[in-house]
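Inside the fold
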Amino acid sequence: MPINVLLVEDDPADELITREAFEHNKIGNTLHVVRDGEEALDFLYRRGVHADAVRPDLVLLDLNLPKYDGREVLQQIKTDDDLAAIPVVVLTTSSAEEDIMRSYRLHANAYVTKPVDLDQFMAAIRQIDEFFLTVVKLPKGEKA
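These lines cover the structure that appears in this document, whether it is placed above or below. Since we're looking at a predicted model, the values are computed, not measured.

Following both chains from N to C, one finds helix α2 (residues 37–44) and helix α3 (residues 70–78) inclined at 20°, their axes separated by 9 Å at the closest point. In terms of orientation, α2 and α3 fall into the roughly parallel class. Handedness of the crossing formed by α2 with α3: right-handed. Counting all contacts with α2, which are made through Gly37, Ala40, Leu41 and Leu44, the residues of α3 involved are Val73, Gln76 and Ile77. Taken together, the residues that form the contact of α2 with α3 break down as five nonpolar, two polar and no charged.

Pasting the structure below:
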């Protein structure tokens, strides 16, 4: 059964690669995209232009974002009782140990460093999708 994936990504090239990975891997999930931390929170809380947003089943979160960075978004998600059960995969270029540790301390469900190579990036997206659709059981979120 398809799920709703929220991609929080400010880099248009990385957004395009992620979209292409979904299409190339024939991933039937619905990909929703927001481009900064503030818009991510508006989507999650269904505010403003996102008042009709669906509750995502999975969040792919970049760390380096304008307005609110990914760490702030992650902290907000994981400290809100209504959002905390949504799995969050940090998908970022940073391989800094500090970012990895901080993300896990903030209760990220996984931390994936974006591969530079296109084929590896597409494989990483496919593996994330397969893991969260095939291997793990996602909580049944409320549907808008």
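Picking up after the structure, the text goes on.
Either a parallel or an antiparallel arrangement is found when strands of a sheet pair, and the pairing is made through backbone hydrogen bonds. What the five strands build is an open sheet, ordered β2-β1-β3-β4-β5; its pairing is parallel. Edge positions in the open sheet fall to β2 (30–34) and β5 (110–113), since each of these has one partner strand only. Taken pair by pair, the neighbouring strands of this sheet meet at an average axis angle of 20°, ignoring direction. Bridge count for strand β1 (residues 4–8) against strand β3 (residues 58–61) is four bridges, and the pairing is parallel.

The full count for this structure, using the stated rule, is one cavity of 30 Å³ or more. By volume, the largest cavity is sized at about 40 Å³. The wall of the largest cavity is formed by Ile3, Val5, Phe22, Asn29, Leu58, Leu60, Ile125, Ile128 and Asp129. Breaking the lining of the largest cavity down by element, the ones donating at least two residues are β3 and α5 (118–135). Looking at which element gives the most residues to the lining of the largest cavity, the answer is α5, with three residues.

Moving on, we get to the pairing of β2. A large share of β2 lies buried, amounting to four of its five residues. One ladder, built from five bridges, connects β1 with β2; its direction is parallel. Residue pairing across strands places Val5 opposite Leu31, the latter belonging to β2.

Calculation notes
Residues numbered from 1 in each chain as written. Predicted model: local features only at pLDDT ≥ 70, side-chain atom pairs only at ≥ 80, totals over all residues. Heavy atoms only, no water. Axes fitted to C-alpha atoms, helices over the stretch in contact; angles between N-to-C directions. Helix = DSSP H or I, 4+ residues; strand = E, 2+ residues; numbered from the N terminus. Parallel < 35°, antiparallel > 145°, perpendicular 65-115°, else oblique. Left-handed = near helix turned anticlockwise from the far one by under 90°. Contact = heavy atoms within 4.5 Å. Nonpolar A, V, L, I, M, F, W, Y, C, P; charged D, E, K, R; others polar. Pairing = 2+ DSSP bridges. 1 Å grid on protein atoms, 1.4 Å probe; cavity = no way out; pocket = protein on both sides within 12 Å on 5 of 7 lines; lining within 4 Å. Points joined across faces, edges and corners; volume = space filled by probe spheres on them. Buried < 20%, exposed > 50% of the residue type's maximum accessible area, 1.4 Å probe, protein only.

None of this, on its own, says anything about what the molecule does.
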